[in-house]
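Structure assessment
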Amino acid sequence: MVQLREELSRRKFVVAGAAATAWYALAGAATANAAYQEINVSAGRTLTGRVTFHGTLPKPDEITISKDNTHCGTGSVDPDPVKVNSDSSVHNTVVAIQGISKGKSWQTPHTTPRIIQERCRFVPYIQLAPKRAVLEITNKDPLLHNIHAYEIIGRARRNMFNIAQPAAGQVDKHIMKTRRSNIVEVDCDAHNWMSAWIYLSDHPYVTLSDAKGNFSIADIPAGKFEIIAWHPVLGKAKQTVDIKPGTLPNLDMKLKI
Amino acid sequence: MLNKRSSIIVPLLLLFIAQYSGPALAAGADPALKAAGKKIYMRECAACHGVEGDGAGPGAYILNPRPRNLQLGVFKLRSTPTGENPTDQDLFKTITRGISSMAGAMMPSFQELPAKDRWALVTYVKAVAGIDKAGKPIDLPTKPRSFDLALGRQVYERLQCAACHGVDGLGDGTSSLTLKDAQKRRIWAPDLSRGQFKGGAMPRDIYTRISTGLDGTPMPAYASKAKPNEIWALSGYVLSLSKKNIND
């Protein structure tokens, strides 16, 4: 059923696609220019909450470490490991406010996103970065990795770049150009258990839930905003919050696959 | 006399330029050309690439790899760095040559179509793909007189092409068994000794593929990982796997 619905919405995307493509080509350039505006936020508010998951967990993916065992280890790996705590809370979920056009400034480390390949794993597994940021990629292993980034558009994976790093110590930098999605998947074709995610945002009102599923986003100017949560495996959640004087709700972002 | 002749030659030359590079200069902005391209596309391409260019034409399901979803604007055969748009010439070349692999022809050659029709198709494909600006090709340094095949073999080892293509280039590398394309369909690193290349078998084609990768596939870009003379030697080595007398 979910499958069918996705299929249908993909179809819709495809039909709209032809008309939309030309528009996106222009909009792509336009969004880059109509940039987020950094201002001093006085009396900004802090939004807190928790990310939870209640449905049936999907079966974990087990991929055998089939090569380069001296450096990569042995056994099997779940490329996208999911851990839901006993109180249903979920770690490593993106929580983002939608449609903020001005506010606080981006802080490190997000301004200089980095990804490291070490013992045939990507570190970090998930991170946040400004749209069109330059990603710095380092190989610490004495063997070939190829860093392969895709923009996830519905069910389509749109190739962003694919760079070989055949030796330890190699560093590459590449701009993360996307057309219409915020979600970037990173793979290594040489080691099919390696996986990482980057969430690109127009503005810094975005965070990751901690190990206990908690999150907080500070310095939010007044206004009514949509808040979204996204997890690479456990799906999405959406809520609307009015940021105004007085007590703010402690959000429960309930993920749905 | 001379003047008279050049007054014929110049317009002819202009006509030639208009026909062969005019659309390239117009860079997808010419609505008449785009409309002409669309008409030819519906006749020649839609059966595989779909009426919307989404790669889902009625004949698509029997092909592997599938006909490209042109809307995504991702191209394997580029002279431009990984992640960049192809040049108009790259697309013109693909349409002219078609695409054949060791598994046979997947996309027919359209060299029978008049050049102006193929340029109109380039304009239309770019519009479907959302390409507003062509990419900038990589530098292609002068080809050496002969290839240093021993160096080429060394570079093949150093760059670990063997991980996918195998120690002897037969497509049997340890990673080859788990490769997938952007659509998560199985894809294989080709047996380089078969001498069948999607983007052409000229040394400069191989140089370009190694430098820029084939976007949407596991084949990565190696541009910054070896010096130009090393990539030339490697290109010669790759070709020597199928052509014994590459240096003659």
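Procedures and definitions
- Residues numbered from 1 in each chain as written.
- Chains lettered and ligands numbered in written order.
- Predicted model: local features only at pLDDT ≥ 70, side-chain atom pairs only at ≥ 80, totals over all residues.
- Heavy atoms only, no water.
- Pairing = 2+ DSSP bridges.
- Helix = DSSP H or I, 4+ residues; strand = E, 2+ residues; numbered from the N terminus.
- Axes fitted to C-alpha atoms, helices over the stretch in contact; angles between N-to-C directions.
- Parallel < 35°, antiparallel > 145°, perpendicular 65-115°, else oblique.
- Contact = heavy atoms within 4.5 Å.
- Nonpolar A, V, L, I, M, F, W, Y, C, P; charged D, E, K, R; others polar.
- Buried area = accessible area lost by both parts, 1.4 Å probe.
- Polar contact = N/O pair within 3.5 Å; in protein donor to acceptor, adjacent residues only side chain to side chain.
- Phe/Tyr/Trp six-rings, centres within 6.5 Å; stacked < 30°, edge-to-face > 60°.
- Lys NZ or Arg CZ within 6 Å of the ring centre and 35° of its normal.
- Buried < 20%, exposed > 50% of the residue type's maximum accessible area, 1.4 Å probe, protein only.
- Lys, Arg positive; Asp, Glu negative; His and termini not counted.
- Salt bridge = Lys/Arg side-chain N within 4 Å of Asp/Glu carboxyl O.
- Disulfide = S-S within 2.5 Å.

Some thoughts on the sheet that holds strand β8 (residues 121–123) of chain A
All names here are of chain A. One open sheet accounts for four strands, arranged β8-β7-β10-β13; its pairing is mixed. Each end of this open sheet is capped by a strand with a single partner; those strands are β8 and β13 (171–175). Mean inter-strand twist for the sheet, computed between neighbouring axes without regard to direction, equals 25 degrees. Looking at chain direction, strand β10 (residues 134–139) and β13 are connected through five bridges and run antiparallel. By the bridge assignment, Ile 137 is partnered in β13 with Asp 172.

Concerning the sheet that holds strand β12 (residues 156–165) of chain A
Residues and elements named next belong to chain A. If you trace the five strands from one edge of the open sheet to the other, you get β9-β15-β14-β11-β12, paired in mixed fashion. The open sheet has two edge strands, β9 (126–130) and β12, and neither has a second partner. Averaged over all adjacent pairs, the angle separating strand axes in this sheet is 25 degrees, with direction ignored. Of the pairings in the sheet, the one linking strand β11 (residues 145–153) to β12 comprises nine bridges and is antiparallel in character. Pairing of Ile 152 across the sheet is with Arg 157, part of β12.

Some details on the packing of helix α3 (residues 31–44) of chain B against helix α6 (residues 115–129) of chain B
Residues and elements named next belong to chain B. Their axes nearest at 7 Å, the elements α3 and α6 cross at an angle of 95 degrees. By the criterion of interaxial angle, the relationship of α3 to α6 is roughly perpendicular. Contacts between α3 and α6 involve Leu 33, Lys 34, Ala 36, Gly 37, Lys 38, Ile 40, Tyr 41 and Met 42 from the former and Asp 117, Ala 120, Leu 121, Thr 123, Tyr 124 and Ala 127 from the latter. Here the residues of the contact of α3 with α6 are counted per class, giving nine nonpolar, two polar and three charged.

Focus: the interface of chain B and chain A
The interface is formed by 38 residues belonging to chain B together with 33 residues belonging to chain A. Around 2700 Å² of area is buried between chain B and chain A when both sides are counted, 48% of it from carbon and sulfur atoms. Of all residues in chain B, B:Gln71, B:Leu72 and B:Lys225 bury the most surface against chain A, accounting for 20% of the area lost on that side. Here chain B and chain A share 22 residue pairs in polar contact (both at pLDDT 80 or more) between them.

Regarding the packing of aromatic side chains
The relation between two aromatic rings is expressed through the spacing of the ring centres and the mutual angle of the planes. Within this structure, the stated rule accounts for six aromatic pairs over all chains. Chaining the aromatic ring pairs together yields one cluster made of A:Trp197, A:Tyr199 and A:Trp230. The residue whose ring lies beneath B:Arg186 is B:Trp188, and the NZ or CZ to ring-centre distance is 4.4 Å.

Looking at the side chain of A:Asp78
All names here are of chain A. Within the fold, Asp 78 resides in the loop between β4 (76–77) and β5 (94–97). Notably, Asp 78 is buried but unbridged: the nearest opposite-charge side chain belongs to Lys 59, and the N-O separation is 10 Å. Within polar-contact distance, the side chain of Asp 78 engages the backbone nitrogen of Asp 61 at 3.5 Å. Among the polar contacts made by the side chain of Asp 78, one reaches the main-chain amide nitrogen of Asp 80 at a distance of 3.1 Å.

Some points on the state of the cysteines
All names here are of chain A. Counting across every chain of the model gives one disulfide over all chains. Disulfide pairing places Cys 72 opposite Cys 120 at an S-S distance of 2.0 Å. Of note, the bridge from Cys 72 to Cys 120 carries an S-S torsion of about -50 degrees and is left-handed in sense. Of this pair, Cys 72 sits in helix α2 (residues 69–72) while Cys 120 sits in the loop between β7 (114–118) and β8, placing them 48 residues apart in sequence.

Focus: unusual backbone geometry
Residue and element names in this part refer to chain A. Here the amide bond leading from Thr 108 into Pro 109 is cis, since omega sits at 0 degrees, within 30 degrees of zero. Here the residue pair Val 123 and Pro 124 is connected by a cis peptide bond, since its omega of -5 degrees sits within 30 degrees of zero. Here the phi dihedral of Arg 132 falls at roughly 65 degrees; this positive angle occurs in a residue that is not glycine. Assignment of secondary structure puts Arg 132 in the loop between β9 and β10. In this structure Arg 132 comes out as partly exposed when scored by relative accessible area, which is 41%. Of note, the phi angle at Asp 219 is positive, near 60 degrees, even though the residue is not glycine. Note on placement: Asp 219 falls in strand β17 (residues 214–220). Judged by relative accessible area, Asp 219 falls into the partly exposed class, the value being 35%.

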